[in-house]
Amino acid sequence: MSKRNWTKGWKLNIHAPGTGAALIILALTQIPVAIKTTAELACIGEVSNQLWKQSQSHKGVNVIAVQRCNGGGS
C-alpha cells in the first residue's frame, strides 16, 4: 500500500454536519469539571494562606490545605 492511499483514509472534514454538535457536547461536558477545579484551587489558595499566616512556615501548609479542601478533617 502506497503512502498516498494510506493517508487518504485519515483526512477528516471539519465542516461535516456533526462536527459542530460534537464540539458543543464536548465543551458542555467540560464545564462542570472546570467549575469544580476552579473552586478547589481557590479553596487551596485561601486555606494555605491562612495556615501560613498562623504558622509562618511553609512546611506542610499546602498538604494540609489540599486535605481540608478535599473534605478531610482538621
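What counts, and where the lines are drawn
- Residues numbered from 1 in each chain as written.
- Predicted model: local features only at pLDDT ≥ 70, side-chain atom pairs only at ≥ 80, totals over all residues.
- Heavy atoms only, no water.
- Helix = DSSP H or I, 4+ residues; strand = E, 2+ residues; numbered from the N terminus.
- Areas by Shrake-Rupley, 256 points an atom, 1.4 Å probe, with all protein chains shown as cover.
- Salt bridge = Lys/Arg side-chain N within 4 Å of Asp/Glu carboxyl O.
- Buried < 20%, exposed > 50% of the residue type's maximum accessible area, 1.4 Å probe, protein only.
- Core = buried A, V, L, I, M, F, W, Y, C linked by side-chain atoms within 4.5 Å.
- Contact = heavy atoms within 4.5 Å.
- Disulfide = S-S within 2.5 Å.

Q: Residue-level account of the overall build of the protein chain, with values.
A: Scanning the protein chain from terminus to terminus reveals three helices and zero strands. Secondary structure elements in the protein chain, listed N-terminal to C-terminal, are α-α-α. In the form shown here, the protein chain has an accessible surface area of approximately 6,500 Å², with 65% of it arising from carbon and sulfur atoms.

Q: Please provide a residue-by-residue account of the pattern of salt bridges, values included.
A: Throughout the structure, instances matching the rule amount to one salt bridge. With its nearest N and O atoms 2.7 Å apart, the salt bridge here joins E40 to K36. A residue pair is termed a helical-turn pair when its members lie 3 or 4 positions apart in one helix, as E40 and K36 do in helix 2 (residues 17-55) at four residues. Given the relative accessible area of 25%, E40 is considered partly exposed.

Q: Which residues make up the nonpolar core, and what values go with them?
A: If you look at the biggest cluster of nonpolar residues, it comprises five residues: V47, L51, V61, A65 and C69. When residues of this core are traced back to their parent elements, those giving at least two are helix 2 and helix 3 (61-69). Of all the elements, helix 3 adds the most residues to this core, at three residues. The residues touching V47, leaving out its near neighbours within four places in the chain, are A65, R68 and C69.

Q: Explain the state of the cysteines residue by residue, including any values.
A: The final tally for this structure, using the stated rule, is one disulfide. Between the sulfur of C43 and that of C69 lies a disulfide, 2.0 Å long from S to S. Every disulfide takes its handedness from the sign of the S-S torsion; for C43 and C69 that torsion is -90 degrees, giving left-handed. Linking C43 in helix 2 with C69 in helix 3, this pair joins segments that are 26 residues apart in sequence. Taking relative accessible area as the criterion, C43 reaches 29% and is therefore assigned partly exposed. The exposure class of C69 is buried, given its relative accessible area of 17%.

Q: Summarise unusual backbone geometry; cite the residues concerned and give the values.
A: One non-glycine residue, Q56, lies in the positive phi region at around 55 degrees. Turning to its location among the elements, Q56 is positioned in the loop between helix 2 and helix 3. Judged by its relative accessible area of 55%, Q56 is exposed.

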